[in-house]
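Summary of the model geometry
Here's the letter readout for the chains.
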Amino acid sequence: MAGRDLGIIRDGGMLVRDGKIDMVGPSDKIDINGAEVFDARGKVVLPGFIDAHTHLVFAGNRLDDFERRARGETYEQIAKAGGGIWSSVKKTRAASEDDLLAEARKHARWFLKCGATTVEAKSGYGLSLDEEIKILRVIHRLNEMPMEFVPTFLGAHAIPEEFRGTPERYVDLVVEEMLPRVASNKLAEYCDVFCERGYFDVEQSRKILSAAKKLGLGLRIHADQLTNNGGADLAAELGAVTADHLEQTDERGIAAMKRAGVQPVLLPGSVYSLGGNRYPRAREMIDAGLDVVLATDFNPGSSPTPSLPMVCSIAITEMKMTPAECLTAATINAARSLGRADKIGSLEIGKQADFSIFDCEDYRELMYWFGFPQTHAVFVGGQRVYP
Ligand code: NIG
Ligand code: FE
């Protein structure tokens, strides 16, 4: 959806029954009939935000990388000098499953505080069979919280230190041992690969993703983030559900995604945070008719924010998306990319009553006043879960 018409209802109301939306419309038309009332007068009610790309489970932080960037070092230089993904892998491996869960719960509460109710979460800081499974188990255990987490297997996030000289052996490990275990134990719905120079090339990415597809997993790809190396084309070739990042994707990649029905997931928080100036060509993608998704890419290295309103603010300023397009990208389009558009992503009769209420009168204020949560309350399945 492009998101030109949001279907805003002034003085609107909603009746929730059994966790689902039973009625929605002008409040004087809603038949309250003794139901408990939550007064949202003077506020904005939106579908719960859906974050379709996060790396929510990791230990520690990357404060040193953050400070090094201020001294002018690039993401790739910092990774070579001992920071980067590998430094998070070491800390994540050293953490017990319970400690990792405690940290992940803290991150999850940040998402709720920013109005998100469904969050995709990738593994990828384990990079061995047992460690990747530990992270996927943590993602499953997060579902004890009153929000939904969608697990994605990202064993191909980086070549681990112990396979530095023999990357093909790591690819084989992912294909022959990790993927079959992940699939047979139903630990993930999707498989992702970091297709990038110095990480996994197109050939290796194709091998991993083709194997995942055969096992019935949906495909998502980190594509064309730092270099235009054919990631978007690969997503189209394999019929991936999404191609994510796309900072370097040109009109050819855009046309390929359009032909194959791949949804672009744009992550401007990572461009901002890495101090880059090359944002993905969102206008061209929307004008080509693609159902663009916006997501946080929440992770300790390149995008330490759980805030979709903040991401929308950057998308408006830097990518010239309209506020309505941003809202669509962070709700219904994101729901579609996670195969859940029939259940969540909009406030329509029959859908799950997941909604967030904000302390403002016009939804655009949410992206205009940036950098602090304006969340008043968050509901999942009709139950208040924040504050
Ligand atoms: O989406 N690009 C690869 N992965 C993350 C960064 C992860 C990290 O730096 O820890 C991303 O930007
Ligand atoms: Fe990412």
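Everything below is about the structure shown above.
Residues numbered from 1 in each chain as written. Chains lettered and ligands numbered in written order. Predicted model: local features only at pLDDT ≥ 70, side-chain atom pairs only at ≥ 80, totals over all residues. Heavy atoms only, no water.

1. Re the sheet that holds strand β13 (residues 375-380)
Spelled out, the test is: The criterion for strand pairing is that DSSP finds at least two bridges linking the strands in question. We count a stretch as a helix when DSSP gives it H or I for four or more residues in a row; a strand needs E for two or more, and each element gets its number in order from the N terminus. A fitted line through C-alpha atoms serves as each axis, taken over the contacting stretch for helices, and the angle formed by two N-to-C directions is quoted from 0 to 180°.
In spatial order, the strands read β3-β12-β13-β14; together these four strands make up an open sheet with antiparallel pairing. Bordering the open sheet on either side are β3 (44-47) and β14 (383-386), each of which pairs with just one other strand. Pairs of neighbouring strands in the sheet enclose a mean axial angle of 30°, with direction left out of account. Examined bridge by bridge, β3 and strand β12 (residues 355-358) share four bridges and lie antiparallel to one another. Bridged to V45 within β12 is I357.

2. Quick word on the coordination of the iron ion (ligand 2)
Selection criterion: Listed donor atoms are N, O and S within 2.8 Å of the metal (Na, K and Ca: 3.2 Å). As water is not included, a site may look incomplete. Throughout, exposure labels follow a simple rule: accessible area from a 1.4 Å probe, protein chains only, divided by the maximum for the residue type, with under 20% read as buried, over 50% as exposed, and the rest as partly exposed.
Protein coordination at the iron ion (ligand 2) comes from H53 (NE2), H55 (NE2), H222 (NE2) and D297 (OD), with a distance range of 2.1 to 2.3 Å. Each donor residue of the iron ion (ligand 2) lies on the same chain, and together they follow the pattern H-x1-H-x166-H-x74-D. Within this pair, whereas H53 is found in the loop between β4 (49-51) and α1 (63-70), its partner H222 is found in strand β8 (residues 218-223), the two being separated by 169 residues in sequence. Both residues of the pair, H53 and H222, count as buried.

3. Remarks on helix α12 (residues 308-319)
For the record, the criterion: Counted as a polar contact is a pair of N or O atoms within 3.5 Å, where, for protein atoms, one must be capable of donating a hydrogen and the other of accepting one, and residues adjacent in sequence contribute only when both atoms are in side chains.
By the criterion of burial, α12 is predominantly enclosed, with nine of the twelve residues buried. For α12, the complete set of buried residues consists of L308, P309, M310, V311, C312, S313, I314, A315 and M319. Between a side-chain oxygen at the N-terminus of α12 and the backbone nitrogen of M310 the separation is 3.0 Å; the capping residue is S307. Phi for K320, located one or two positions after α12, is positive at around 60°.

4. Describing the site of ligand 1
Convention followed: By convention in these notes, a residue is near a molecule or strand provided one of its non-hydrogen atoms lies within 4 Å of it. Here the Shrake-Rupley method, with its probe set to 1.4 Å, supplies the accessible areas, and only the displayed protein chains count as covering residues. Here the term charged refers only to Asp, Glu, Lys and Arg, the term nonpolar to Ala, Val, Leu, Ile, Met, Phe, Trp, Tyr, Cys and Pro, and the term polar to all other amino acids, Gly among them.
The environment of ligand 1 is formed by 15 residues, the closest being R62, Y75, Y125, Q225 and S302. Contact distances for ligand 1 include 2.6 Å between an oxygen atom and a side-chain N or O atom of Y125. D297 has a polar side-chain atom sitting 2.9 Å from an oxygen atom of ligand 1. Contact with the protein chains hides 100% of the accessible area of ligand 1, taken as 320 Å² for the molecule alone. Tallied by class, the residues present in the shell around ligand 1 amount to four nonpolar, nine polar and two charged.

5. Notes on helix α3 (residues 84-94)
Residue pairs three or four apart in sequence face the same way in an α-helix, which turns once every 3.6 residues. What counts, and what does not: Contacts between residues were defined by any pair of non-hydrogen atoms, one from each residue, lying within 4.5 Å.
Every buried residue of α3 is accounted for by G84, I85, W86, S87, S88, V89 and T92. Where α3 is buried, its residues meet α1, α2 (75-80), α4 (97-113), α5 (129-142) and β7 (190-195).

6. As for the environment of H53
Judged by relative accessible area, H53 falls into the buried class, the value being 0%. Distance from H53 to V119, taken between C-alpha atoms, is 7.5 Å for residues 66 residues apart in sequence. Residue contacts for H53: discarding those within four places in its chain leaves E120, K122, H222, D244, H245, V265, L267, A295, T296, D297 and F298. Within polar-contact distance, the side chain of H53 engages the side chain of D244 at 2.8 Å.

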